[in-house]
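So the chains spell out like this:
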Amino acid sequence: AQGDVLPGMRRRHLEYGDYALPFAKAHGHFVSKTLKPLVDRLFETGGTNFAIGSSMGGQASLNLVLEYPDLFDGCGCLSPFFSPSTIGRVKDALNNPEHRQKLASKRIYMDIGGDMQETTVPIFDIFDHITEKHAWNPGYFWLDTSLQAAVVEMRDLF
């Protein structure tokens, strides 16, 4: 597909994905060291900076806070995808007293868009299917069953 680095390998999966990959590190470096200073010069940011993203962008936003804690005051992770390696990075940071102290000062917002009080929602909810346009909408089922476990684990870590 258009935008694939290799067939079936989306560029955004490399840039927003596992921070051990050089593509993700390069993306984080670009956002922190090139884009952020440009935004700071062009706009009155007031010295408080947050990263926000959805899906893999939520993971990328959290990685910015983990990697550049002196540049970012927090992040917003909307319907985030958190890979096992990102959960591992957070665990490692929380086990390091210096990193734990830096993380304690950060504001981290996570919102999966589903019902976080329930483990899953039914695969078929009539209210998700009452229009022709949305006759088949597995959205909440997919969110809750595919993303929620990692979001709950991340929430519990913080």
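For the structure itself, look to the data block above.
Reading the values: rules and limits
- Residues numbered from 1 in each chain as written.
- Predicted model: local features only at pLDDT ≥ 70, side-chain atom pairs only at ≥ 80, totals over all residues.
- Heavy atoms only, no water.
- Helix = DSSP H or I, 4+ residues; strand = E, 2+ residues; numbered from the N terminus.
- Buried < 20%, exposed > 50% of the residue type's maximum accessible area, 1.4 Å probe, protein only.
- Contact = heavy atoms within 4.5 Å.
- Areas by Shrake-Rupley, 256 points an atom, 1.4 Å probe, with all protein chains shown as cover.
- Expected span 1.5 Å × (residues − 1).
- Bend = angle between axes of the 7 residues up to and from the residue.
- Core = buried A, V, L, I, M, F, W, Y, C linked by side-chain atoms within 4.5 Å.
- 1 Å grid on protein atoms, 1.4 Å probe; cavity = no way out; pocket = protein on both sides within 12 Å on 5 of 7 lines; lining within 4 Å.
- Points joined across faces, edges and corners; volume = space filled by probe spheres on them.
- Nonpolar A, V, L, I, M, F, W, Y, C, P; charged D, E, K, R; others polar.
- Axes fitted to C-alpha atoms, helices over the stretch in contact; angles between N-to-C directions.
- Parallel < 35°, antiparallel > 145°, perpendicular 65-115°, else oblique.
- Left-handed = near helix turned anticlockwise from the far one by under 90°.
- Salt bridge = Lys/Arg side-chain N within 4 Å of Asp/Glu carboxyl O.

Visitor: For this particular structure, what's the right way to read the overall build of the chain?
Guide: The secondary structure content of the chain amounts to 6 helices and 5 strands. Tracing the chain from N to C terminus, the helices and strands come up as β-β-α-α-β-α-β-α-α-β-α. Evaluated residue by residue, the chain yields a buried proportion of 33% over its 158 residues. Restricting to contacts in the chain with at least 6 residues of sequence separation, those with at least 24 account for 65%. As displayed, the chain has an accessible area near 10,000 Å², and 57% of this comes from carbon and sulfur atoms.

Visitor: Where do I start with helix α2 (residues 22-42) in this structure?
Guide: Side chains three or four residues apart in an α-helix point the same way, a direct result of the helix having 3.6 residues per turn. Relative to the 30 Å expected for 21 residues at 1.5 Å per residue, α2 spans 29 Å between its end C-alpha atoms, a close match to the ideal helical length. At Leu35, α2 shows its largest bend, some 35°, and a proline, Pro37, comes one to four positions later. Taken residue by residue, α2 has Ala24, His27, Gly28, Val31, Ser32 and Lys36 as its buried positions. Buried residues along α2 sit in contact with α1 (11-16) and α3 (56-67).

Visitor: I keep staring at the nonpolar core and nothing clicks. Help me out?
Guide: In a soluble, globular protein the nonpolar side chains are often hidden away together inside. Leu62, Phe72 and Phe82 are the most contacted members of the largest nonpolar core, which has 23 residues in total. Elements with a minimum of two residues in this core: α2, α3, β4 (74-78), α4 (84-95) and α6 (139-157).

Visitor: Looking at this model, I keep getting lost on the layout of surface pockets. Mind explaining?
Guide: Unoccupied space between atoms shows up once a probe the size of one water molecule is rolled over them. Space inside the largest pocket adds up to approximately 290 Å³. Taken together, 18 residues line the largest pocket, and the ones lying closest to its centre are Val31, Phe50, Ala51, Ile52 and Leu64. The element best represented in the lining of the largest pocket is α2, accounting for 5 residues. Looking at the lining of the largest pocket residue by residue, the classes come out as 10 nonpolar, 7 polar and 1 charged. Approximately 150 Å³ is the volume attributed to the second largest pocket. Lining the second largest pocket are Val65, Leu66, Pro69, Arg89, Asp92, Ala93, His99, Lys102 and Leu103. Contributions of two or more residues to the lining of the second largest pocket are made by α3, α4 and α5 (97-104).

Visitor: How should I be thinking about the packing of α3 against α4 in this particular structure?
Guide: Packed helices, taken two at a time, are described by their axes: the angle between them and the distance between them. Where α3 contacts α4, the two axes come as close as 11 Å, and the packing angle between them is 25°. Judged by the angle between their axes, α3 and α4 are roughly parallel. Crossing hand, α3 versus α4: left-handed. Touching Gln59, Leu62, Asn63, Leu66 and Glu67 of α3 are Thr86, Arg89, Val90 and Ala93, all from α4. In terms of residue class, the contact of α3 with α4 is made up of 4 nonpolar, 3 polar and 2 charged.

Visitor: Explain the pattern of salt bridges here, please?
Guide: Side chains that differ in charge, positive against negative, can pair when their charged atoms come close. Within this structure, the stated rule accounts for 5 salt bridges. Across the pair Arg89 and Glu67 runs a salt bridge, and its minimum N-O distance is 2.7 Å. Of this pair, Arg89 sits in helix α4 while Glu67 sits in helix α3, placing them 22 residues apart in sequence. Overall, the relative accessible area of 23% leaves Arg89 in the partly exposed class. In this structure, Asp156 and Arg155 form a salt bridge, with 3.4 Å as the shortest nitrogen-oxygen distance. Since its relative accessible area comes to 39%, Arg155 is described here as partly exposed.

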